[in-house]
Number of protein chains: 2
Amino acid sequence: MHIAGTVIHAPSRGELEVIDDACVSVNREGVIESVTQGEAPTDALTLAPGTFLLPGLIDCHVHAPQWPQMGTAYDLPLNEWLQQCTFPMEAKYSDLDFAAASYSSLIDTLLENGTTTATYYGSIHVAATQLLADIAKEKGQRAYIGKVAMDNPDQCPDFYRDASTTAAIDGTRQLVEYIRSLGTDRVQPVITPRFIPSCTDDALAEFGRMASEYDCHVQTHCSESDWQHHYVLERHGLKDTQSLDRFGLLTDKTVLAHGVLIDDEDMTTIRSSHSGIAHCPLSNLYFSNAVFPARRALDRQLKVGLGTDIAGGASASVLDNAAMAINMSRALEEGVDATAAQVSRGVDDTRIDFRDAFWMATAGGAEVLGLNAGTFAPGNVFDAIVLDTTVAASDLRVWGDDSAEDVLQKAIYGANQNNIATVWVQGEKVKG
Amino acid sequence: MHIAGTVIHAPSRGELEVIDDACVSVNREGVIESVTQGEAPTDALTLAPGTFLLPGLIDCHVHAPQWPQMGTAYDLPLNEWLQQCTFPMEAKYSDLDFAAASYSSLIDTLLENGTTTATYYGSIHVAATQLLADIAKEKGQRAYIGKVAMDNPDQCPDFYRDASTTAAIDGTRQLVEYIRSLGTDRVQPVITPRFIPSCTDDALAEFGRMASEYDCHVQTHCSESDWQHHYVLERHGLKDTQSLDRFGLLTDKTVLAHGVLIDDEDMTTIRSSHSGIAHCPLSNLYFSNAVFPARRALDRQLKVGLGTDIAGGASASVLDNAAMAINMSRALEEGVDATAAQVSRGVDDTRIDFRDAFWMATAGGAEVLGLNAGTFAPGNVFDAIVLDTTVAASDLRVWGDDSAEDVLQKAIYGANQNNIATVWVQGEKVKG
């Protein structure tokens, strides 16, 4: 397969590459063989004027069972939100019919938005999480999926808790083996201790061993909010990164959601373990009590991708979160309190721009997941989208003298799912 | 005309009213005659399941000529952005063909998004601004329109400045009289000194007299950014509100854009003059160096509506700005700098919720403009939209046990223009 047109991607952080008259050639395995410029083969699919070939968007943090509640209940602090709204919602996934309807709707919506890869927390239910994997496979989305583990009776309600530590461990093992039996590389298992408060030390220790045994991805929340951060300090006398590291849960396949409260020492720990961060700017507004220092993390060469954190974040779109990552970095740099003097209001040199944000949405997310994707480099899988700027039902309007960089910036701020004309995962068309 | 279905509106700040089985009856002049509950007349238009009747959205601050650049060039501080990007763009509106294409596209897009009323800055050009009024009239949008005045050679470039103070004054007068000759109440003139830096004192004084002479709306920017705020302090030894008041420019028909840096004294001045504020949260992220204290302004019973501030804000949607108003109030309350102690990080009691935000997007905006609209009260004009939650091409998903309040909250965060099925202005259908 050959696709000819204008390519926009971010081969390295902070840099865009625009290739006019490009031809991307993809082999039968869905892997990019070459990217050339100039005349394309006669059988190439040629993109229409006003459309652009971009890498697929990568969502590094989604709570799949929270999909029905997205956009509601943002008045509560994290722990109360979990106990009063979110755990009751997740508990519903013991019902497989409900799970099927919700997960199909979710994956359809993410694909419509150009999310070629998503990293999912499931519920505590093995069966529903297996179903999530089945649906992802059937719909062709690249998916990293874990059964959430939460076995700590102090922090998890009776109606929504793993029956025991053993159940949490066995269920996780069962899910890993189920997904590995699906016969596709596109769906991968993830060991998923919800966060330290939800899990007993016994479970955390076993998950660390399991991560090594299976050489498997890990995901958890790290220093998301003041409450959570201080809970861990109190229980373990350690910061999240230190505690996770002690349990063997900081690996080069670990995705740490949020990290809003990490300090320089945490960054060093994360960098030396080669773990990655899922930056979830929309969610952080409501549940994190501060702004994730994205620029500092990127400058220290941490692996950082973006997460919608559905339903902590109120958007299913990675592009919306890219815009919000820029927005919140500006709020961090400028500060928020007009009654403070301007010089002391914000934190200098913390802003990122649309190039950084787009990099996190694509190549950065791929780096977090250890995936050969996110750019159009030969050898990468062909996970890609066509951005169509000519759609009527959209606020995105491109004018004659807009450059390709302008187009991309406008798309980050203004594209909706109608502007995503085509979506491929590993060369297979899943939209359009 | 009778419309039957579920109505959601905000009759007073912070309160939603949901009326199931409502029937809104509208007379031939497009004015609401009654809102009843129960059986509707047989000729009523009955809303389909999953759709809701809401007041039309009101945008209190739009720079019409900046439409082509929306979504680009957010790297510069306000004054550089004006000089390098925005003034060159606005200067293009000497070309009436360009103006016609841009203004048609803008008004179409705002109507698609359910914006029944918009308050526009034009360019300095009388002819292009007359054209903007013509297009608004033709397309049926309720519009408040001003020719921007900027006659101060110290602050305005040679290529984009009123030819003289007299030209700024005469052009404004010409536009007011042109719009009043259009024979429609739906398009109203606005005296529009860009902001104090752009105008000479002679012009400002004359605009104050003109506001009284014509009993006409006024719009200008007020304490938008540190640079602008301090410029006025230096030039006049006064804060913006004091200086505007001295020139007779704070009236009950004045719309003050932004007001990010206003203090309690300013709020008292604004309240006693019965002026209103256009809160533009998306724009403020990039150009205002802080967050507008919306809760404080609302608590002091100031009139506050929302503005997209195209192109300072990167969205054409009032609902997006409602969501961002909530978001930024959370950033103000929580603070942004994770290295600060939580207790001193933000400003207590500054958050607003979706009820406040929806009120600003509808009734609050109407109050700012002195318009009988924004709720379904008898006597108000029927400016309304149908929110359709059943649309496929949208991220908005409603589930069985969502309440009408949940639906509204989800729509604020997730509706796109596809969810706005029908739009009426004064009883006339302009979309759907």
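Residues numbered from 1 in each chain as written. Chains lettered and ligands numbered in written order. Predicted model: local features only at pLDDT ≥ 70, side-chain atom pairs only at ≥ 80, totals over all residues. Heavy atoms only, no water.

> I'd like a description of the overall build of chain A, backed by residues and values.
For chain A, the count of helices and strands is 14 helices and 17 strands. Against the compact-globule benchmark of 22 Å for 432 residues, chain A has a radius of gyration of 21 Å, which places it among compact chains. Its C-alpha atoms give chain A principal-axis dimensions of about 65 × 60 × 40 Å. Buried positions account for 66% of the 432 residues belonging to chain A. Taking all contacts inside chain A whose residues are at least 6 apart in sequence as the whole, residues at least 24 apart take part in 72%. Accessible area for chain A stands at about 13,700 Å²; split by element, carbon and sulfur atoms hold 46% of it. A gap of 1 Å separates the mean positions of the 30 positive and 59 negative side-chain charges of chain A. (Helix = DSSP H or I, 4+ residues; strand = E, 2+ residues; numbered from the N terminus. Rg over C-alpha atoms; globule rule 2.2 N^0.38 Å. Buried < 20%, exposed > 50% of the residue type's maximum accessible area, 1.4 Å probe, protein only. Contact = heavy atoms within 4.5 Å. Areas by Shrake-Rupley, 256 points an atom, 1.4 Å probe, with all protein chains shown as cover. Lys, Arg positive; Asp, Glu negative; His and termini not counted. Charge placed at Lys NZ, Arg CZ, Asp CG, Glu CD.)

> Lay out the pairing of strand E8 (residues 142-146) of chain A in plain terms, naming residues and giving numbers.
Residue and element names in this part refer to chain A. Of all 5 residues making up E8, 5 are buried, and the element is well covered by its neighbours. Sheet topology note: the strand E7 (residues 115-121)/E8 ladder contains 5 bridges and is parallel. What sits directly across from Thr119, in E8, is Tyr144. Between E7 and its parallel partner E8, the chain crosses via helix H3 (residues 126-139), and the hand of that crossover is right-handed. Looking at chain direction, E8 and strand E10 (residues 187-193) are connected through 3 bridges and run parallel. Bridge pairing in E10 links Ile145 to Pro189. (Pairing = 2+ DSSP bridges. Right-handed = clockwise from strand over helix to strand, strands pointing away.)

> Would you mind going over the packing of aromatic side chains in detail, with residue names and values included?
Here the structure, examined in full by the defined rule, presents 28 aromatic pairs over all chains. Where Phe382 of chain A meets Trp424 of chain A, the ring centres are 5.2 Å apart and the plane angle is 55°; that geometry is what we call tilted. In this pair, Phe382 of chain A is assigned in the loop between helix H13 (354-369) and strand E15 (384-388) and Trp424 of chain A in strand E16 (residues 420-425), connecting sequence segments 42 residues apart. The pair Phe382 of chain A / Trp424 of chain A is uniform in exposure class, with both members buried. These aromatic residues form a ring-pair network of at least three members: Tyr74, Trp81, Tyr286 and Phe287 of chain A together with Tyr413 of chain B. If you follow Arg246 of chain A out to its NZ or CZ, it ends over the ring of Phe247 of chain A, 4.9 Å from the centre. (Phe/Tyr/Trp six-rings, centres within 6.5 Å; stacked < 30°, edge-to-face > 60°. Lys NZ or Arg CZ within 6 Å of the ring centre and 35° of its normal.)

> Before we move on, can you summarise the relation of the copies chain B and chain A with the specific residues and values?
For the match of chain B to chain A, the screw axis carries a shift of 0.0 Å, the RMSD comes to 0.0 Å, and the turn is 180°. Taken together, the rotation angle and the small translation identify this as a two-fold axis. A shared interface surface links the copies, since 100% of the contact residues of chain B are contact residues in chain A too. (Least-squares fit on C-alpha atoms with pLDDT ≥ 70 in both.)

> Now, about the interface of chain B and chain A: what can you tell me, with residues and values included?
Listed by partner, the interface residues are 64 residues for chain B and 64 residues for chain A. Contact between chain B and chain A buries roughly 4,900 Å² in total, counting both sides, with carbon and sulfur atoms accounting for 50%. Considering only the side of chain B, the residues that lose the most area to chain A are Val336, Asp395 and Trp399 of chain B, jointly responsible for 15% of the buried surface there. Residues Arg345 of chain B and Asp226 of chain A are paired through a salt bridge, measuring 2.8 Å at the closest nitrogen-oxygen approach. Linking chain B to chain A there are 30 residue pairs in polar contact (both at pLDDT 80 or more). Counting only elements with at least two residues in the side of chain B that touches chain A, the list comes to helix H2 (96-112), helix H9 (281-287), helix H11 (318-334), helix H12 (342-345) and helix H14 (404-414) of chain B. Tallying contributions element by element places H11 of chain B first for the side of chain B that touches chain A, with 9 residues. Considered class by class, the residues forming the side of chain B that touches chain A number 29 nonpolar, 18 polar and 17 charged. (Buried area = accessible area lost by both parts, 1.4 Å probe. Salt bridge = Lys/Arg side-chain N within 4 Å of Asp/Glu carboxyl O. Polar contact = N/O pair within 3.5 Å; in protein donor to acceptor, adjacent residues only side chain to side chain. Nonpolar A, V, L, I, M, F, W, Y, C, P; charged D, E, K, R; others polar.)

> If you had to explain the side chain of Asn418 of chain A to someone new, which residues and values would you point to?
Residue position: Asn418 of chain A is located in the loop between helix H14 (404-414) and E16. Leave out the neighbours within four places in its chain, and Asn418 of chain A touches Val391 and Ala393 of chain A together with Ala393 and Asn418 of chain B.

> Mind laying out the packing of helix H2 (residues 96-112) of chain A against H3 of chain A, listing which residues take part and the relevant values?
Residues and elements named next belong to chain A. Put simply, H2 and H3 touch, their axes get as near as 9 Å, and they point 35° apart. As H2 runs across H3, the sense of the crossing is right-handed. Taking contact as the criterion, the partners of Leu96, Ala99, Ala100, Tyr103, Ser104, Ile107, Asp108 and Leu111 in H2 are, on H3, Ala127, Ala128, Leu131, Leu132, Ile135, Ala136 and Lys139. Of the residues assigned to the contact of H2 with H3, the class counts are 12 nonpolar, 1 polar and 2 charged. (Axes fitted to C-alpha atoms, helices over the stretch in contact; angles between N-to-C directions. Left-handed = near helix turned anticlockwise from the far one by under 90°.)

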